[in-house]
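Observations on the three-dimensional arrangement
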There are 2 protein chains.
Amino acid sequence: MKKKVVNIAIIGLGNIGSYLYRYIEKNISIIKKKTNVTPNILFVSAKNYKKKRSLNIPKKMWLKNYLDATTNKNIDIIIELIGGAEGPAKKLVFSALKNKKHVITANKALIAKHGDQLAKIAENNKVNLEYEAAVCGGVPIIRSLKEGLIANKINRVHGIFNGTSNFVLSSMEKKLISFNEALTNAKKLGYAESNPLSDLNGDDVASKLKIISALCFNTFISKDINIEGIKNISKRDIINANILGYKIKLLGFAEKIGNKLYQRVHPTFVDKKSYIASVEGVLNAVIIDGEPVGKNVIQGEGAGPAPTTSALISDLSSILRGNIKYPFNISNKERRKINTDSIFNLFFSSYIRLEVRDVQGVLSNITKIFAKNKVSIKRLIQNPNKNKKQASIIIITHKSKDLLLNNTLKQISKNKYIIKKPILIRIESGQ
Amino acid sequence: MKKKVVNIAIIGLGNIGSYLYRYIEKNISIIKKKTNVTPNILFVSAKNYKKKRSLNIPKKMWLKNYLDATTNKNIDIIIELIGGAEGPAKKLVFSALKNKKHVITANKALIAKHGDQLAKIAENNKVNLEYEAAVCGGVPIIRSLKEGLIANKINRVHGIFNGTSNFVLSSMEKKLISFNEALTNAKKLGYAESNPLSDLNGDDVASKLKIISALCFNTFISKDINIEGIKNISKRDIINANILGYKIKLLGFAEKIGNKLYQRVHPTFVDKKSYIASVEGVLNAVIIDGEPVGKNVIQGEGAGPAPTTSALISDLSSILRGNIKYPFNISNKERRKINTDSIFNLFFSSYIRLEVRDVQGVLSNITKIFAKNKVSIKRLIQNPNKNKKQASIIIITHKSKDLLLNNTLKQISKNKYIIKKPILIRIESGQ
């Protein structure tokens, strides 16, 4: 930047906003050394103006109307930490960019929903729209894609994008406890919010994946994504996975096959000895397959005020250094729509668990339905539970079209011998 | 950059130079889309001008004297791919920076030796000196430290910085073969050079570590570094490690403890289940401990033309975007000397293997020397080999001062019952 002092407004002073405020106040001198510009927090704003905070912010710094930051002539950069795809956050960011303010946001829902439109405004007005903190907190994936890995034609991105669900699955596996027990623990430890729905149903992963996908494949954000969460994973599946040499992870995948883009989020069997299986607890990890770089892995803490602040400051420093880049790496005019295709047309070896009444002819009927759908069985284990006259049937299939796998289960489900909704977990072989 | 076309000279056309040449020629349009500047290779030069190459480079592009690139008015960027800390590479880079040309280099030896001096000239002349490709090839560690992780106060960096030695250790462990067998394999597969000395004796790791260390701790390149290679690691140590729950990795560490910098390279016992143990073959991995980000891991291919080109293009794109930064992240005037201290003053739990004549009183004498040096023994296993009247004694020590560990071994070595030089491998506990 040509300016020697750059004025910042921080809007939203929750855990992250407060941490960031303190970090900037403490580190003005080192930021200046690295960027040649002094960052100066001129204004803050938050929902409850009079709420008691541990921060000691002078009264004159408080904006009563947060939107005033977008029109104030002295403000150069607005950091949006409100959250949510709509409402105040949306108003703030649109208004800021329209008024030629640089924007830094940690808001994945906003970028996943309105990112294309926002990027257009930012590009036209020659200001930055930075969102490193929106994707995997302290994992510097966005900047790596824009800088360190810029040379690469990306073929595939996948990984663990949600710490809460990874913590739940990890502790189910380590302590052999149920989903609900693991979730209760996670809440106690502060690793799950009181309403962790979007963390567990895959929506949070989907938002991050859509953003990364647009960036990797020089395309627009696509809503066409298959999403499955981890609610249906039971302790029994964790145990079965272990016996078969796997762990269960909630993974997100974005890959270009032929000319088509496939985006999917689902629990996945991964080889126990693979790298991704070693990523435990609240960690996030992103694996990039690119040419010429080959396979690259970036791993770190995906959430929390400290890692998120690391991401926000990397965005801030990039702006201070005057590094104005297209929000999605290339101009909007150069981004191209890519046709998407459904997970149904991909091929997976899969784990299937069927809970059945242990009556005659069940196995014959099940295997017939598999054969009819051309899904061939690689391994079958039937564990009877004679007390209850029930049995658990575990099937590992050969690679089969996902549509056929799903059709098979649908047809099997219609039979009276089925006690519970069948479980289907895809196996990732290429780890 | 303000220019729309930027002229490049590539000096050195070995595997990497040739790959890079082809990459740029093929990807001009996408580089332009990402940087708004067209990269144009104006000149090339290489040792043997008439050597047959698969590249079809027009005659007029060949410089007969490579140094002419540094004074040619049309050249903006010089990419140095000659290699070596002295001689032509040194001449080229010094001359280029003095003549206000941006420089990109893959030369770790040069940067580790002359990086401070070169950085000063680059800063004074307001040109870039970029060296992502000098450290861990396709692992974008330099740019991550300068961009994605810029917010962080780094406390410690460690990892696997050399693919050849990691391949040798991995295959010794997987195939239970000797060091020499593993090395022969590595050469056959192209993972080890015909003279792999600096890969195996730790020097290559040391060069990379020194560079990263200067960058992480805002200091100058320090030659004070403890270096041990892997030549003395035998199949027996690999087997012992496995029995005890460890793998052996050649690791580099740079850490600030108190006000002192500790730099060290040595084979290390790491927990079998740790992340770093899972990094196999020719992969490199860097683990950064920083505040506020926590622990960050970056993993990828550390060598070879393709990953190295990924790094070179990230440097090139950074220059094309006009992102002039201090080569070591802050101005030379702001870099501060940090006092270094020796590995001798650090504390390690260690694995020790003693090969002894199986005569009476040996164990008593050994344990006495340990006690005298205040090194306490956590575990001791004596495996006799009665045919030869020899025994192998394996000792795991409690955490002890490295100096005392070494003194203990020195004193033990003086005894006649010692057949071979004792083996000491430090154990990394904090993985």
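Residues numbered from 1 in each chain as written. Chains lettered and ligands numbered in written order. Predicted model: local features only at pLDDT ≥ 70, side-chain atom pairs only at ≥ 80, totals over all residues.

1. Structural notes on the overall build of chain A
The cut-off we apply is this: Helix and strand assignments follow DSSP, with helices taken as H or I runs no shorter than four residues and strands as E runs no shorter than two, numbered in order from the N terminus. We take the radius of gyration over the C-alpha atoms and set the globule estimate at 2.2 Å times the residue count to the 0.38 power. Three exposure classes are used, all based on how many other C-beta atoms lie within 10 Å of a residue's own C-beta (placed from the backbone): buried at 20 or more, exposed at 12 or fewer, and partly exposed between those limits. Two residues qualify as a contact pair if the distance between their C-beta atoms, derived from the backbone, is within 7 Å.
On a plain count of helices and strands, chain A comes out with 12 helices and 17 strands. Its C-alpha atoms give chain A a radius of gyration of 24 Å, within 12% of the compact-globule value 22 Å for 431 residues. Dimensions of chain A, computed from the C-alpha atoms along their principal axes, are close to 80 × 45 × 35 Å. Across the 431 residues that make up chain A, the buried fraction comes to 52%. Sequence-distant contacts, at least 24 apart, represent 75% of the contacts inside chain A between residues at least 6 apart.

2. Quick look at the sheet that holds strand β1 (residues 5-11) of chain A
Residue and element names in this part refer to chain A. As a reminder of what qualifies: Paired strands, as defined in this entry, are two strands with at least two bridges between them according to DSSP. Lines are fitted to the C-alpha atoms to define the axes, a helix being fitted only along its stretch in contact, and any angle between axes, read from their N-to-C directions, falls within 0 to 180 degrees.
With respect to topology, five strands assemble into an open sheet ordered β2-β1-β3-β4-β5, the strand pairing being parallel. The outermost strands of the open sheet, each flanked by one partner alone, are β2 (38-45) and β5 (129-130). Relative to strand β4 (residues 102-105), strand β3 (residues 77-80) runs parallel, the two being bridged by four bridges. Paired with Ile77 across the two strands is His102, which belongs to β4. Sheet strands touched by helix α10 (residues 305-320): β1, β2, β3, β4 and β5. Its angle to β4, the strand with the most contacts, is close to 165 degrees.

3. Remarks on the relation of the copies chain A and chain B
We apply this condition: In superposing the copies, a least-squares fit is computed on C-alpha atoms, taking residues whose pLDDT is at least 70 in both.
Superposing chain A onto chain B takes a rotation of 180 degrees plus a shift of 0.0 Å along the axis, which leaves an RMSD of 0.0 Å. As the rotation angle and translation indicate, the two copies are arranged about a two-fold axis. Rotation axis and chain A: the residue whose C-alpha lies nearest the axis is Ile298 of chain A, separated from it by 2.3 Å. Most of the interface of chain A is mirrored in chain B: 100% of its interface residues are interface residues there too.

4. Section: the domain arrangement of chain A
Where the parts come together, the accessible area they lose is often given as the size of the interface. All names here are of chain A. This is how the line gets drawn: What fixes the domain bounds is an automatic or database domain assignment.
Once the domains are mapped, chain A shows domain 1 (5-134), domain 2 (141-301) and domain 3 (345-428). The gap between the C-alpha centroids of domain 2 and domain 3 is 25 Å. Listed as interface residues are 12 residues of domain 2 and, on the opposing side, 10 residues of domain 3. Where the side of domain 2 that touches domain 3 is concerned, the elements lending two or more residues are α9 (235-244), β8 (246-257) and β9 (260-271). Ranked by residue count, the leading element in the side of domain 2 that touches domain 3 is β9, at six residues.

5. A short note on the environment of Leu97 of chain A
Residues and elements named next belong to chain A. Mapped onto the elements, Leu97 comes out in helix α2 (residues 87-98). What makes Leu97 buried here is the crowd of 26 C-beta atoms within 10 Å. Between the C-alpha atom of Leu97 and that of Ile211, which follows or precedes it by 114 residues, the distance is 19 Å.

6. Some remarks on helix α8 (residues 203-216) of chain A
All names here are of chain A. Test applied: Residue count minus one, scaled by 1.5 Å, sets the expected span of a helix.
With 14 residues, α8 extends 20 Å from end C-alpha to end C-alpha; this agrees with the ideal 20 Å at 1.5 Å per step. Summarising burial for α8: 13 of the 14 residues are buried, a large majority. Remark: Asn218 follows α8 within two positions and exhibits a positive phi of approximately 50 degrees.

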